[in-house]
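Here is how the chains run, residue by residue.
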Amino acid sequence: MQIHLISVGNRMPSWVQSGYEEYAKRLPRECELVLKEIPAGKRGKNSDVARIVKDEGERMLAAMPSAAHVVTLDIPGKLWTTEELAQALQAWQNLGQPIALMVGGPEGLADAVKDKARQSWSLSRLTFPHPLVRVVVAEQVYRAWSLLNNHPYHR
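The text that follows walks through the structure, step by step, so that each part is easy to find. (Residues numbered from 1 in each chain as written. Predicted model: local features only at pLDDT ≥ 70, side-chain atom pairs only at ≥ 80, totals over all residues. Heavy atoms only, no water.)

Contact pair helix α1 (residues 14-26) / helix α5 (residues 130-148): the axes reach a minimum separation of 8 Å and the direction vectors enclose 15°. Between α1 and α5, the crossing angle belongs to the class labelled roughly parallel. Where α1 crosses over α5, the two elements pack in a sense that is left-handed. Residues Trp-15, Val-16, Gly-19, Tyr-20, Tyr-23 and Arg-26 of α1 lie in contact with α5, whose contacting residues are Pro-131, Leu-132, Arg-134, Val-135, Ala-138, Glu-139 and Tyr-142. Classifying every residue of the contact of α1 with α5 by side-chain character gives 9 nonpolar, 1 polar and 3 charged. (Axes fitted to C-alpha atoms, helices over the stretch in contact; angles between N-to-C directions. Helix = DSSP H or I, 4+ residues; strand = E, 2+ residues; numbered from the N terminus. Parallel < 35°, antiparallel > 145°, perpendicular 65-115°, else oblique. Left-handed = near helix turned anticlockwise from the far one by under 90°. Contact = heavy atoms within 4.5 Å. Nonpolar A, V, L, I, M, F, W, Y, C, P; charged D, E, K, R; others polar.)

Okay, here's the thing in structure tokens:
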């Protein structure tokens, strides 16, 4: 199974790259985490933010594998415990299709992306900087995998 983390934003600080890569490389091929960066639209004082978010959403959907099971990362989504995320990961593996985890830009996700979602996951009711979300998602997916596979990482 491949999990595609499709995230708005590129040119991340080195600590984000290092943190993400640390956890992504720990996952085995049967639970591969693949990052797909979507460049953020140009924002300025008089920008049409609705148009920018819509365009980002279209590019996110284009980057998604066909027949993917779409999961948005969004504040109003479902708060999962580690055990619940592990159950979700197990269910995703049983689907036999790619998973697309969708992380929007500063103004969130486009409606078109939300409409494609089969699930919505909230990391917290807090708002996190989008670069940090990448690291947290990679760590949590690895933690869920370790729980399912009786790996000592999750104690």
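Moving on, we get to the pairing of strand β4 (residues 99-103). Here β4 lies mainly inside the structure; 5 of its 5 residues are buried. Alternating positions in β4 separate into two faces, Ile-99, Leu-101 and Val-103 on one and Ala-100 and Met-102 on the other, with burial throughout. In this sheet, β4 lies alongside strand β1 (residues 2-8) in parallel orientation, the contact comprising 5 bridges. Paired with His-4 across the two strands is Ala-100, which belongs to β4. Judged from the 4 bridges that link them, strand β3 (residues 69-79) and β4 form a sheet pairing that is parallel. What sits directly across from Val-70, in β4, is Ala-100. (Buried < 20%, exposed > 50% of the residue type's maximum accessible area, 1.4 Å probe, protein only. Pairing = 2+ DSSP bridges.)

Okay, α1 next. With 13 residues, α1 extends 18 Å between its outermost C-alpha atoms, agreeing within 8% with the 18 Å of an ideal straight helix rising 1.5 Å per residue. Listing the buried residues of α1 in full gives Val-16, Gly-19, Tyr-20, Tyr-23 and Ala-24. Considered in projection along α1, the buried side chains sweep an arc of 120° and stay on one side of the axis. Within α1, the exposed residues directed more than 90 degrees away from the buried face are Ser-14 and Lys-25. In this structure, the buried side of α1 is in contact with β1, β2 (32-38) and α5. (Expected span 1.5 Å × (residues − 1). Arc of directions from axis to C-beta.)

Right, let's get into the sheet that holds β3. Taken in spatial order, the 5 strands line up as β2-β1-β4-β3-β5 in an open sheet, and their pairing is parallel. Looking at which strands have only one partner, the edges of the open sheet turn out to be β2 and β5 (119-122). Strand-to-strand, the axes of this sheet are offset by a mean angle of 30°, without reference to chain direction. Bridge analysis of β3 against β5 gives 5 bridges, and the strand direction is parallel.

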